[in-house]
Amino acid sequence: MSLSSIQALVLRYLYLYTRTPIRAVELLFWPLVHLLVWGYLTMFLKDNTGDDFPYEITFLIGAVILWDILFRAQQGVAIFFLEDVWSRNLLNIFAAPVTNLDYLCSTYAVGMMRAAITSCMLAVLSMIIYQFNIFVLNWTLIPFVFNLLVFGWALGMISTALIVRWGPAAETLAWAVPFFIQPFAAVYYPVDALPEMLQWVAKSLPCSYIFEGMRDGLKTGEVDPSDLLWATGLNVVYLAVAGVLFSRVMNKAREKGLLTKFASQ
Amino acid sequence: MGEPVLQVTDLTKRFGKVTSVDGISFELPKGEILGLLGANGAGKTTAINMVLGIISPTAGRVEVFGKELSSARIPILRRMNFCSTYTQLPGNLRVWQNLKVFGKLYRVKNLIQRIDEVLEMLEISHLRNRVTGELSAGESTRLNLCKALMNRPELLLLDEPTASLDPDIADKVRKVVSRIREEENTTILYTSHNMRDVEEVCDRVIFMHKGKILFGGTTEEMLQHFEEESLEDVFIRVARGGDIENPRDLTPPAEADREEGV
Ligand SMILES: Nc1ncnc2c1ncn2[C@@H]1O[C@H](COP(=O)(O)OP(=O)(O)OP(=O)(O)O)[C@@H](O)[C@H]1O
Ligand SMILES: [Mg+2]
């Protein structure tokens, strides 16, 4: 692993944003739209559901914020790769002394920056507009955020691997992959709300434990430590699987000349 | 003479049923400029990409600086660089930003100074603050070359570096290539469809045809070998002789003698 390679790749990404600030719109616009839609829905439900609702209804706003962390981390990895594809820069990067790990670490760093920017914005706005304070979750926020970032990275690596394997035609996967899992991730409803068969799918995703934990935390102020353990344990597995998949696909790409094909498209 | 900077042995690449590179072997001693010639599709770019480790060989070996590429890829890549018509630097960055990023990737010391040097060498200092995507084709080719020179590579791979350059700039680029060899004893592998390039710049030439090496030697040897007046004629003859079953048919007696150890 080389720190200067990672720095260089991150620097390249920062130049991209500072040179064309319009890119930041993508970073701020969609999260804001989600916050407004879910926020006002929350306010409406809160005024009309009475006290027998099993959760503090404002968890929907918390869900928007936490989901966005996962999504941005995934995008950090997948879009980073696509930027190189779009600018026909892929060969320059992969013929430079950059290991897979250097490359991935820089995408992680970028994913983390993206997540930090949007989640801070959402946290502040939800406080101002809806008086929803995500920080009541207290210290549990740290493992929550960390686990979501890690799962986002794993998904990002999987998305990138699929794009390398299937070529630019699969580009939309960069955006689609997180949404494949969203229905089962128990983001906006508890795992119990799913049919039994699908609950099993939910339980195999690290993020479902985080969203469950967040709902409990908002309701009772306490989080079941086993939720955190499950999330972390599953994340280790996902990260390992994604890492192996990524490096396999890269080797395959060298075998089939996929990287050079990308460059010529 | 020390060990060759680049040694390629029985290198083969098959993509499914297509054999792009078919058992080529050659070596490149330090400080030599070797031209890789051949018609479109002869396998030049595939060969270069295997030396860069972007494509893995189906069979054969690539050794650079005395080490097997597959086992020491990163340290080897640090000491080499390439420039290809098939790649571009990110169009949305400024010229200096791109050079800074790649300078850091290759761990270039005194980075800012080096950026100025390479820009000056290719006479594009005035483009320093321009957005890369707005450069003309010839300007961005020269920028690609700047990137390739950033780390003072000991082995430089140039895949059609003069494509899309006007005659004046092409001439300047040839001079730069010759100059860095003079000054830094850089070893260079050079593909081009421009015979002028080859005659002027290369010490030795390898002629590829359908993935195989037909001939290797100096330009003069090649002209003698094929009994033609110019490289251009040789090129056309080989390219049109697409039905040549056995490249040895083209081997004149002198060469055959040598192979038999006479
Ligand atoms: N990634 C790939 N997948 C499949 N076939 C490939 C791939 N890359 C190259 N080829 C095939 O290999 C052969 C040699 O291609 P290559 O690009 O090496 O030729 P070249 O000598 O560089 O030609 P040119 O002068 O046109 O650049 C061609 O038939 C090409 O279609
Ligand atoms: Mg080529």
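Residues numbered from 1 in each chain as written. Chains lettered and ligands numbered in written order. Predicted model: local features only at pLDDT ≥ 70, side-chain atom pairs only at ≥ 80, totals over all residues. Heavy atoms only, no water.

**Quick look at the overall build of chain A**
In step 1: If you tally the helices and strands in chain A, you get 11 helices and 0 strands.
In step 2: Whereas a compact globule of 265 residues would reach a radius of gyration of roughly 18 Å, chain A reaches 19 Å, a difference of no more than 12%.
In step 3: Dimensions of chain A, computed from the C-alpha atoms along their principal axes, are close to 60 × 40 × 30 Å.
In step 4: Taken across its 265 residues, chain A has 56% of its residues classed as buried.
In step 5: For chain A, restricting intrachain contacts to residue pairs at least 6 apart in sequence, the fraction spanning at least 24 positions comes to 76%.
In step 6: Counting only carbon and sulfur atoms, one obtains 70% of the accessible surface of chain A, whose full area is about 11,400 Å².
In step 7: Computed over 16 positive and 18 negative side-chain charges, the inter-centroid distance for chain A is 17 Å. (Helix = DSSP H or I, 4+ residues; strand = E, 2+ residues; numbered from the N terminus. Rg over C-alpha atoms; globule rule 2.2 N^0.38 Å. Buried < 20%, exposed > 50% of the residue type's maximum accessible area, 1.4 Å probe, protein only. Contact = heavy atoms within 4.5 Å. Areas by Shrake-Rupley, 256 points an atom, 1.4 Å probe, with all protein chains shown as cover. Lys, Arg positive; Asp, Glu negative; His and termini not counted. Charge placed at Lys NZ, Arg CZ, Asp CG, Glu CD.)

**Observations concerning the coordination of the magnesium ion (ligand 2)**
In step 1: Only T45 of chain B (OG1) and Y86 of chain B (OH) from the protein coordinate the magnesium ion (ligand 2), and they sit 1.9 to 2.2 Å from it. Residue T45 of chain B is located in helix α1 (residues 44-52), and its partner Y86 of chain B is located in the loop between β6 (80-84) and α3 (95-105); the two are separated by 41 residues in the primary sequence. (Donors = N, O, S within 2.8 Å, 3.2 Å for Na, K, Ca; no water.)

**Examining the interface of chain B and chain A**
In step 1: The interface of chain B with chain A comprises 34 residues on the first partner and 32 residues on the second.
In step 2: Roughly 3,000 Å² is buried in total at the junction of chain B and chain A, and carbon and sulfur atoms are behind 58% of that figure.
In step 3: Contact with chain A buries area across many residues of chain B, yet I54, N92 and L105 of chain B alone supply 22% of it, more than any other trio.
In step 4: At the junction of chain B and chain A, the tally comes to 0 salt bridges.
In step 5: Linking chain B with chain A are 13 residue pairs in polar contact (both at pLDDT 80 or more), by the criterion used here.
In step 6: Secondary-structure elements contributing two or more residues to the side of chain B that touches chain A are β1 (6-15), α1, α2 (73-78) and α3 of chain B. (Buried area = accessible area lost by both parts, 1.4 Å probe. Salt bridge = Lys/Arg side-chain N within 4 Å of Asp/Glu carboxyl O. Polar contact = N/O pair within 3.5 Å; in protein donor to acceptor, adjacent residues only side chain to side chain.)

**Considerations on the packing of helix α6 (residues 141-166) of chain A against helix α7 (residues 173-181) of chain A**
Residues and elements named next belong to chain A.
In step 1: With their axes 9 Å apart at the nearest point, α6 and α7 run at an angle of 130° to one another. Considering the angle they form, α6 stands oblique to α7. In the packing of α6 onto α7, the handedness of the crossing is right-handed. Where α6 approaches α7, its residues F151, L155, S159, L162 and I163 are matched on the opposing element by L173, A174, V177, P178 and I181.
In step 2: Each residue belonging to the contact of α6 with α7 can be placed in one class, and the counts come to 9 nonpolar, 1 polar and no charged. (Axes fitted to C-alpha atoms, helices over the stretch in contact; angles between N-to-C directions. Parallel < 35°, antiparallel > 145°, perpendicular 65-115°, else oblique. Left-handed = near helix turned anticlockwise from the far one by under 90°. Nonpolar A, V, L, I, M, F, W, Y, C, P; charged D, E, K, R; others polar.)

**A closer look at the sheet that holds strand β4 (residues 59-64) of chain B**
Residue and element names in this part refer to chain B.
In step 1: Here 4 strands make up an open sheet; going across it, the order is β2-β1-β4-β5 and the pairing antiparallel. Both edges of this open sheet fall to β2 (18-28) and β5 (67-68), since each of them pairs with a single strand only.
In step 2: Two strands pair when backbone bridges link them, and β1 and β4 are joined in this way by 5 bridges, in the antiparallel orientation. Across the sheet, residue T9 finds its bridge partner in β4, namely R61.
In step 3: Sitting on the sheet, α1 is in contact with β1, β2 and β4, with an inclination near 115° to β1. (Pairing = 2+ DSSP bridges.)

**So, the site of ligand 1**
In step 1: By nearness alone, 17 residues border ligand 1, and S20, K44, T45, T46 and Y86 of chain B come closest of all.
In step 2: Ligand 1 sits at the junction of chains A and B, each of which supplies nearby residues.
In step 3: One of the side-chain N or O atoms of T45 of chain B is found 2.7 Å from an oxygen atom in ligand 1.
In step 4: Between ligand 1 and Y86 of chain B, the relevant distance is 2.5 Å, taken from an oxygen atom to a side-chain nitrogen or oxygen of the residue. (Near = heavy atom within 4 Å.)

**Re the state of the cysteines**
Residue and element names in this part refer to chain B.
In step 1: What the rule picks out here adds up to 0 disulfides over all chains.
In step 2: With no disulfide of its own, C83 has C146 as its nearest cysteine by sulfur position, at a separation of 9.4 Å.
In step 3: The cysteine C202 is free of any disulfide, with C83 supplying the nearest cysteine sulfur at 14 Å.
In step 4: Given the relative accessible area of 8%, C202 is considered buried. (Disulfide = S-S within 2.5 Å.)

**Description of the pairing of strand β9 (residues 204-209) of chain B**
Residue and element names in this part refer to chain B.
In step 1: With 5 of 6 residues buried, β9 is to be regarded as a mostly interior element.
In step 2: By the bridge criterion, 5 bridges tie strand β3 (residues 33-38) to β9 in an arrangement that is parallel. Pairing of L34 across the sheet is with R204, part of β9.
In step 3: In the sheet, β9 pairs with strand β10 (residues 212-217) via 5 bridges, with the strands oriented antiparallel. Bridged to H209 within β10 is K212.
In step 4: Between β9 and β10, which follow one another and run antiparallel, lie 2 residues, and K210 among them has a positive phi close to 50°.

These figures capture arrangement, not role.
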